[in-house]
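The primary structure of each chain is shown beneath.
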Amino acid sequence: MEETTFIMIKPDGVQRRLVAPIIARFENRGLTLVAIKMVNTSEALIDQHYAELVNKPFYPGLKQYMLSGPVIAMVWKGKAAAALGRAIVGATNPKESAPGTIRGDFCNDVGRNVIHASDSVESAKREIALWFKPEELVHYVPCDLGWVYENV
Ligand code: IDP
């Protein structure tokens with residue numbers, strides 16, 4: 001229940017006014033919002049965030065996309081938060097994302113797939129440390145936990 005994951009609404013999600021519907025998907029699933037901020041990204045931050053992809057042929061386009069406007073950076077907490085976050089977001093390529101997932105409901109093209117979710121607990125730790133200072137994470141106990149989880 002203490003696991004956290006990093007979720008980011010990409011520039012197209014912000015421009016297309018999808019912030020509220022996207023956040024609702026995570027709240028509806030019983031995850032707890034721990035941190036949120038709007039960020040004007042920088043080249044250095046995007047290069048670090050996507051360090052594993054910098055040599056891919058699509059990276060220049062990805063970087064331009066990620067620098068094209070503000071993003072919403074978030075940390076969500078809950079049981080299996082990283083795996084659940086990926087399930088809520090859907091497959092990388094929207095053509096393969098199931099309906100009911102964010103990408104399956106709101107996008108079409110892999111290069112405009114509106115949202116990022118950490119792909120593992122380890123990635124989440126790295127990404128949270130990259131995007132947030134420790135004091136920006138606000139931990140509290142939501143009053144409905146016993147209704148979200150069988151064993152609290
Ligand atoms: P993920 O976002 O589902 O974790 P990654 O493989 O880590 O997927 O790729 C990061 C991002 O790079 C994707 O979300 C997508 O925006 C972009 N991307 C991945 N593959 C391609 C591609 O083949 N063409 C264009 N953009 C891509």
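Residues numbered from 1 in each chain as written. Predicted model: local features only at pLDDT ≥ 70, side-chain atom pairs only at ≥ 80, totals over all residues. Heavy atoms only, no water.

Draft legend 1. Just helix H7 (residues 121–131), in detail. All of the buried residues in H7 are Ser-123, Ala-124, Glu-127, Ile-128 and Trp-131. Along the axis of H7, the buried positions cluster into a sector of 130°, meaning they face one direction only. The outward face of H7, more than 90 degrees from its buried face, is lined by the exposed residues Glu-122, Lys-125 and Ala-129. The elements touched by buried residues of H7 are strand E1 (4–9), strand E2 (32–39), helix H3 (43–49), strand E3 (71–77) and strand E4 (115–117). (Buried < 20%, exposed > 50% of the residue type's maximum accessible area, 1.4 Å probe, protein only. Helix = DSSP H or I, 4+ residues; strand = E, 2+ residues; numbered from the N terminus. Arc of directions from axis to C-beta. Contact = heavy atoms within 4.5 Å.)

Draft legend 2. Fine view of the UniProt feature "binding site: ATP" (unreviewed entry) in the protein. In the numbering adopted here, UniProt assigns the feature "binding site: ATP" (unreviewed entry) to Lys-10, Phe-58, Arg-86, Thr-92, Arg-103 and Asn-113. Filtering the just-named annotated residues for those lining the largest pocket gives Lys-10, Phe-58, Arg-86, Thr-92, Arg-103 and Asn-113. In this fold, Arg-86 is placed in helix H5 (residues 81–89). Filtering out sequence-adjacent residues up to four positions away, Arg-86 remains in contact with Thr-92, Ala-117, Ser-118 and Asp-119. Locating Arg-103 in the fold gives a position in helix H6 (residues 102–106). Judged by its relative accessible area of 4%, Arg-103 falls in the buried class. (UniProt positions renumbered as here; feature names shortened; annotations may be inferred. 1 Å grid on protein atoms, 1.4 Å probe; cavity = no way out; pocket = protein on both sides within 12 Å on 5 of 7 lines; lining within 4 Å.)

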